[in-house]
Every structure is written in structure tokens, then in C-alpha cells.
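# Tertiary structure, described
Below, each chain spelled out in residue letters.
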Amino acid sequence: MARKRVAILISGRGSNMVALIEAAKDASYPAEIAVVISNEPDAEGLAHARSAGIATAVVDHRVHGKNREAFERALQAELAVHRIDLVCLAGFMRLLTPWFVEQWNGRMLNIHPALLPAFKGLDTHARALASGAKIHGATVHFVVPEMDSGAIIAQGVVPVADGDNEATLAARVLEVEHRLYPLALKLVAEGRVRVVDGRCLIDGVPMLNSP
Ligand code: GAR
């Protein structure tokens, strides 16, 4: 089966992007990274992608001012140029309109640094610590118009330690993210994930166990 052509959308550091690029270097991985697109011209991840020999593009949202639709049409054009099958949001910090999300229904993934449906939105690690939760983690899910709410493809769990601060907890979660995202993309690219009544049903053994 042909490898799925993937676009990774980033806004910053791009460490999850690097994890996906690394996974896709394996010829048996069912997806190839066709392009990395950033809405931030100075995103650190762009340089990493270029040095890995991957095509990059910048679609700067500022150019379009408050016109989100124009920004997304530019994004959509870039995805079409690269004949993209699947989109992976990896630290992409723009909200997308229902129109754009609908174009990629069932074909756009996001990674979120919490065990959804807990801690949607920003500052997830600080809120997990403040809540007193003993476990925390990361989720890869399909993107739907409502933020951080789509069907869950895979989750990875970490313990919260008594001495944790935001930085130590974030670092522990990030390690899991880097294993989780390649696994989730693999499942989707292999066509093993079906969404039924808002839940992902997965053919085979999908779960990433806690480390
Ligand atoms: C990651 O922790 C990702 O889960 C999070 O941003 C970080 C990006 O890091 N995403 C969100 O908070 C989305 N709302 P990276 O650029 O090194 O992959």
C-alpha cells in the first residue's frame, strides 16, 4: 500500500514534528512526511525540517489580519500542492474554523498535552498539578470544530510526582508525546482506526502503556 502523504503543521519548537520525521524514516512506516508548514516564520522547527531534507512552507496568519478564512484557504492551497492525505497538528497554536476542519474530517490529528477530556486548552501541566491528580499524560485525537474534543486515538500516561513542578511534569509528558504521536499516526495511516459514535475503534493492540 502506498505510504500516506502527511503534512505537519507547527508554530514553534517542533519536537513532536521531529519524532514523526524520525519514525517516517523507516521504510516500513505507513506514512511519509511530505511537508512541514508553519504559521510562524521564525518557528524553530522549520530549520530542523529543512535540515532533515523535508519541504517546508510558511503560511503567516498575520498577513491575513483577522481574516481566518483567507489564512485557511492559503493553508489549504499549500496542502493541495503537496497532495496531502493526512494532516498532523504538532504544537500548532491557531484555532481552525469549522470549514477547514470539515475539509479534513477524519484525516486531521492533533496532540494535546493532557489526558482528554481533562484539561482542554492551555496550561495543562500547571492545571494538572493544581488539581492534585496523580496521573497525567498526552492524547492524540481527531480534530473536530470544538477545541480538544475529537475522538481519542491514543493516550499515554505518566505519574505525577510529589516534587514535580510545571517543567518537570512537562518534560515527562513530552517524552510520552514523542512515542505516542508516531504510534497514533501509524494506526490511522494503516486504516486501522474507525470512528463509531464519537469513539475510535482500533483494529489490533493500540495502547501505549505508561513508561
Ligand atoms: C506539545 O507539548 C504539544 O502537545 C502542545 O504543544 C507542545 C508543542 O511542542 N500542544 C498544545 O498545547 C496544543 N494545544 P513541540 O513544538 O516541541 O512539538
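Scope of this entry: the structure provided in the associated data block. As the structure is a computational prediction, the values presented were derived from the model and not from experiment. All chains use their own residue numbering, which begins from 1 and follows the written sequence. Only residues with pLDDT of at least 70 are given local features in this predicted model, and only at 80 or more are side-chain atom pairs given and counted; all residues enter the totals for whole chains, interfaces and linings. Side-chain calculation: all heavy atoms of the structure are included, whereas hydrogens and water are not.

### Brief notes about the sheet that holds strand β1 (residues 4–10)
The sheet built from seven strands is open, its strands ordered β3-β2-β1-β4-β5-β6-β7 with mixed pairing. Looking at the sheet topology across the chains shown, the edges are occupied by β3 (56–58) and β7 (152–159). Within the sheet, the average angular offset between the axes of one strand and its neighbour, ignoring direction, is 20°. Sheet analysis places strand β4 (residues 86–89) next to strand β5 (residues 108–112), joined by three bridges and oriented parallel. Two strands form a pair only when DSSP identifies at least two bridges running between them. By definition, any uninterrupted DSSP run of H or I lasting at least four residues is a helix, any uninterrupted run of E lasting at least two residues is a strand, and each is numbered from the N terminus. With axes taken as lines fitted to C-alpha atoms, and helix axes fitted only over the stretch in contact, angles between N-to-C directions fall between 0 and 180 degrees.

### Some thoughts on the pattern of salt bridges
Take a side-chain nitrogen of Lys or Arg and a carboxyl oxygen of Asp or Glu: if they are within 4 Å of each other, that pair is a salt bridge. If you walk through the whole model with that rule in mind, you get seven salt bridges. D60 is the salt-bridge partner of R62, the closest N and O atoms lying 3.3 Å from each other. A simple rule labels every residue: compare its accessible area, found with a 1.4 Å probe on the protein chains alone, to the largest value its type can have, and call it buried under 20%, exposed over 50%, or partly exposed in between. Taking the relative accessible area as the measure of exposure, R62 reaches 47% and is therefore partly exposed. Linking E190 and R192 is a salt bridge whose minimum nitrogen-to-oxygen distance equals 2.9 Å. When its relative accessible area of 27% is taken as the criterion, E190 is described as partly exposed. Connected through shared salt-bridge partners, E40, D60 and R62 make up one network.

### As for the site of the ligand
Around the ligand, the neighbouring residues are R13, G14, S15, N16, G91, M93, I111, P113, L174 and E177. S15 places a polar side-chain atom, nitrogen or oxygen, 2.6 Å from an oxygen atom of the ligand. A 1.4 Å probe and the Shrake-Rupley method give the accessible areas. Residues count as covered only by the protein chains that appear here. For the ligand, whose free accessible area comes to 450 Å², the fraction covered by protein is 85%. In this classification, Asp, Glu, Lys and Arg are treated as charged, Ala, Val, Leu, Ile, Met, Phe, Trp, Tyr, Cys and Pro as nonpolar, and every other residue, Gly included, as polar. For the shell around the ligand, a count of residues per class yields four nonpolar, four polar and two charged. Definition of nearness: a residue and a molecule or strand are near each other if at least one heavy atom of the residue lies within 4 Å of the molecule or strand. Under this definition, polar contacts are N or O atom pairs within 3.5 Å; protein pairs additionally need one hydrogen-donor-capable and one acceptor-capable atom, and for neighbouring residues in sequence, both atoms have to be side-chain atoms.

Coordinates in, geometry out; function isn't part of it.
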